[in-house]
Protein chains: 2
Amino acid sequence: MRLSRYFLPVSKEAPADAAIVSHQLMLRTGMVRQNGAGIYTWLPLGFRVLKKIEQIVREEMNRAGAIELLMPTLQQADLWRESGRYDDYGKEMLRIKDRHDRDMLYGPTNEELITDVFRAYVKSYKQLPLNLYHQQWKFRDEVRPRFGVMRGREFLMKDAYSFDLTEDGARAAYRKMFCAYLNAFDRMGLTAVPMRADTGPIGGDLSHEFIIMADTGESAVFCDKALLDMPAPGLDLDFDADLTAEVEKRTQYYAATEEMHDEAAFNALPEERRVSARGIEVGHIFYFGTKYSAPMKAEVQDQDGKMVPVQMGSYGIGVSRLVGGIIEACHDESGIVWPEAVAPFHVGLINMRAGDAACDKACLETYEALEAAGIEALYDDTDDRAGAKFARMDVIGLPWQLVIGPKGLEKGVVEVKHRKTGEKVELPLAEAIAKVTPA
Amino acid sequence: MRLSRYFLPVSKEAPADAAIVSHQLMLRTGMVRQNGAGIYTWLPLGFRVLKKIEQIVREEMNRAGAIELLMPTLQQADLWRESGRYDDYGKEMLRIKDRHDRDMLYGPTNEELITDVFRAYVKSYKQLPLNLYHQQWKFRDEVRPRFGVMRGREFLMKDAYSFDLTEDGARAAYRKMFCAYLNAFDRMGLTAVPMRADTGPIGGDLSHEFIIMADTGESAVFCDKALLDMPAPGLDLDFDADLTAEVEKRTQYYAATEEMHDEAAFNALPEERRVSARGIEVGHIFYFGTKYSAPMKAEVQDQDGKMVPVQMGSYGIGVSRLVGGIIEACHDESGIVWPEAVAPFHVGLINMRAGDAACDKACLETYEALEAAGIEALYDDTDDRAGAKFARMDVIGLPWQLVIGPKGLEKGVVEVKHRKTGEKVELPLAEAIAKVTPA
């Protein structure tokens, strides 16, 4: 993308009304614009990151055998009356009346709706197991939305729902999601720690939050350091195999959010392994059995011909929240430092003297070589001064920068800068392109 | 995808409550499920088609220089009070009050919101031209939603908005979209005819609807046959060039929707060129100048330092509606006949004797060979009887079928069926795969 044809409203000043660093940086880099309390437009740069995260989540859900569909944003109130949650949910649920005065709502989550889809089509244990997911906008009418996209009102969530005949089956489905989540967050450059958590309004008796560490985290978390050092299960994991060992390898260690914290158990750990930190919740998984299927009569025939309510779990990832979460975990004093897999572009190409024939030619050739190699590049072809170009590239935080100027061209080299380490090296063009090409 | 692990609730019976063939077929093939009047869940098969269409639209918008972002579904009423449309819009606008009793609405279109984004960042003609688009769910509270996704209430629309300093610039932006639309519809296997149209509630003095022909079309349309025979501009079109000739090549011919129809002009055509048919609107483009920018004070500094309201146009494509529209245009008595570019899978692989070791082995090898070649395949590995498998593959309408059974394997061949022509041929496996591989 040529910057002169792009829409990237980067501003020099830190915005006054943003309390945390991710919100400040998202406003400064023109990733989002607020359109109302907790409601945002995703400007082009932010949109690209959102889509990258969505795609990683999609690939890891598919790998684990979940099937994507898409439920609508608006739902009928009657479904929520069936489950009993319509009155329970309180003011966070945005209630709407249509022109015929029918009670509707903007879905804050989708247990009821997916259960309704399920019961319409699935009648036999032979059609199980099943895991259906979507990535759709939700609305929760927070009384005090804050922290930018970290606690917005309209937000993008991936929610998956598993259906099994037995509790054992449902627990196996839960383990698949447990492992898939670790892989997904790992691909985004994050270390996420699963922690036993309260089940809240979703319900059920088994639940883990996936927490990433950041000084600005919303809640205090406590865990064994071993969990931070453990690699993710890996993309070659066989999701058809028994994943009990893979899960227990982690759940054997202490990890809990504030609400579930057991001071005595934590203090029993050797002191050097006690991690007490702030954390950000980026995922939450639940096993809740028949909480929705029983009242909503989502029943299947078992091997003996008996109708039994299906065993369910649900599995959420905060896709839009992750954009802020990743920035909280990945930034320095100059701006964002994107992990490669979620960076809006892979390379920033800086023309040090736009208008100079030799520089323009070298830059254009480089830009076209990058595009031809499938490497997403943002080409700063503007006539802004060098200092402004460097600062802008640093704050938007692309993994690599290629700087092309008249002095280097005389020597036959371009400068390659690695944003994260700050390392700079001068290389002939072909070698520079090879250096920034992902393995 | 293995059918035994997929969620594809195909039903044998035609649904009683669907009035048009696309709605019937989408229900029968388990593409959508209605969740309320005009509100649908996109089940896995339908979701895949929706995503294919969305991606084609994205690629053709990007090719024309438009930049993708994403605006929220909910908007503040105050913005619509600025433009004067809040009171005008009537009951089709879904009005909402949040917990603090603020007036909000579910966006039926986004002229106001994008104008607000624009005026926050763009202050100079040097930042123009600009074309920003998104693909987001909209809501129009139709008094009588019908025809499935063709006239739903919650629907997915691509809407683009162009910003230019001058009227000439805005008309050039309009021509880019005009050509990009023809290319996008062409890639979907559709012949879309641009027709002069009424501007309706969007406003402005220049507008074209893009219409595809189908017997079940919602409105009468009239055009010169030359337009149906004319190829799309093509993907190698230079969008930086003057596209006047490309547009006038088409607008020189008579084409009008019912509201704009001029009987005398139409009858002046040679009889063999008069096409009077039913049509489905799949896109609509508008030039409306300063209708929104003037009241909302979206002004930029021109070359003389004077502040002038920006010249705007808007450009819609009915993404979810197109799924129905394509089926209306592409089906036969056995079911849907997907154009290759939007088919949910490219090949259906039928195992004629699941459980037979030789058949299972040959099918699995074929399935893996297809996947390795990047060809999306739906592998029917169920133990349903052959007739049911054939009927299901026909009704879901994948472009190609590969049928593998014991008799063919003895002869060393598999059957390749082309869904559209019905042509069947027996070929050795490698040749069969080559035959279904897209050029």
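The structure displayed is predicted, hence computed values, not measured ones.

Considering the packing of aromatic side chains
Where two aromatic rings form a pair, the distance of their centres and the angle of their planes describe that pair. For the structure on display, the rule yields 29 aromatic pairs over all chains. Here the aromatic rings of Y181(A) and F210(A) are separated by 5.2 Å at their centres, their planes lie at 55°, and the arrangement is tilted. Here the residue Y181(A) occupies a position in helix α6 (residues 167-187), and F210(A) occupies one in strand β10 (residues 206-213), the gap between them amounting to 29 residues. For the pair formed by Y181(A) and F210(A), the shared burial category is buried. Among the aromatic side chains, those forming a connected cluster through ring pairs are Y106(A), F139(A), Y106(B) and F139(B).

Some thoughts on the relation of the copies chain A and chain B
Here chain A sits on chain B after a turn of 180° about the axis and a move of 0.0 Å along it, with an RMSD of 0.0 Å. Viewed as a symmetry operation, the transformation between the two copies matches a two-fold axis. Of the C-alpha atoms belonging to chain A, the one lying closest to the rotation axis is found on I96(A), 3.0 Å away. Both copies share a contact surface, since 100% of the interface residues of chain A are interface residues in chain B too.

Section: the confidence of the model for chain A
Of all residues in chain A, 99% have pLDDT values of 70 or greater, and the mean over the chain is 95. Prediction confidence for the complex, expressed as pTM and ipTM, is 0.97 and 0.96 respectively.

A look at the interface of chain A and chain B
Counting residues at the interface gives 58 residues for chain A and 58 residues for chain B. Summing both sides of the interface, chain A and chain B together bury roughly 4900 Å²; the carbon and sulfur share of this comes to 61%. Viewed at the interface, chain B and chain A are joined by six salt bridges. Between R5(A) and D240(B) there is a salt bridge, with the nearest N and O atoms lying 3.2 Å from each other. Here chain A and chain B share 16 residue pairs in polar contact (both at pLDDT 80 or more) between them. In terms of residue count, the dominant contributor to the side of chain A that touches chain B is helix α2 (residues 44-63) of chain A (six residues).

Overview of unusual backbone geometry
Note on backbone geometry: most residues besides glycine have negative phi, and most peptide bonds are trans. Geometrically, the link from L128(A) to P129(A) is a cis peptide bond, its omega value of -5° lying close to zero. In this structure, P129(A) sits in the loop between α5 (111-121) and β7 (130-139). One non-glycine residue, D101(A), adopts positive backbone phi at about 65°. On the secondary structure map, D101(A) appears in the loop between β5 (94-97) and β6 (103-106). You will see that K297(B), though not glycine, has its phi angle at about 55°, which is positive. Residue placement: K297(B) occurs in the loop between β13 (274-289) and β14 (299-301).

Quick notes on the sheet that holds β5(A)
Residue and element names in this part refer to chain A. Reading across the sheet, the three strands line up as β4-β6-β5 and stay open at both edges, with antiparallel pairing between neighbours. With one partner strand each, in any of the chains shown, β4 (74-76) and β5 form the two edges of the open sheet. Adjacent strand axes in the sheet meet at a mean angle of 35°, parallel and antiparallel pairs treated alike. Looking at chain direction, β4 and β6 are connected through three bridges and run antiparallel. Each residue of the ladder has a partner; that of Q76, found in β6, is M104.

Things to note about helix α2 (residues 44-63) of chain B
In this model α2(B) runs 29 Å from its N-terminal to its C-terminal C-alpha over 20 residues, within 8% of the 28 Å that 1.5 Å per residue would give. Two residues or fewer past α2(B), G65(B) is found with a positive phi of approximately 90°.

Some points on the side chain of S219(B)
Residue and element names in this part refer to chain B. One can find S219 in strand β11 (residues 219-224). For S219, a relative accessible area of 14% translates into the label buried. Aside from chain neighbours lying at most four places away, what touches S219 is E258, A277, R278 and G279.

Comments concerning the pairing of strand β2 (residues 39-42) of chain A
What you see with β2(A) is no split at all: I39(A) and T41(A) on one side and Y40(A) and W42(A) on the other are buried throughout. Turn length for the strand β1 (residues 32-36) of chain A-β2(A) hairpin, with the two strands adjacent in sequence and antiparallel, is two residues, and the turn residue G38(A) shows positive phi of about 70°.

Parameters and conventions
- Residues numbered from 1 in each chain as written.
- Chains lettered and ligands numbered in written order.
- Predicted model: local features only at pLDDT ≥ 70, side-chain atom pairs only at ≥ 80, totals over all residues.
- Heavy atoms only, no water.
- Phe/Tyr/Trp six-rings, centres within 6.5 Å; stacked < 30°, edge-to-face > 60°.
- Helix = DSSP H or I, 4+ residues; strand = E, 2+ residues; numbered from the N terminus.
- Buried < 20%, exposed > 50% of the residue type's maximum accessible area, 1.4 Å probe, protein only.
- Least-squares fit on C-alpha atoms with pLDDT ≥ 70 in both.
- Contact = heavy atoms within 4.5 Å.
- pLDDT = per-residue confidence, 0-100.
- Buried area = accessible area lost by both parts, 1.4 Å probe.
- Salt bridge = Lys/Arg side-chain N within 4 Å of Asp/Glu carboxyl O.
- Polar contact = N/O pair within 3.5 Å; in protein donor to acceptor, adjacent residues only side chain to side chain.
- Pairing = 2+ DSSP bridges.
- Axes fitted to C-alpha atoms, helices over the stretch in contact; angles between N-to-C directions.
- Expected span 1.5 Å × (residues − 1).

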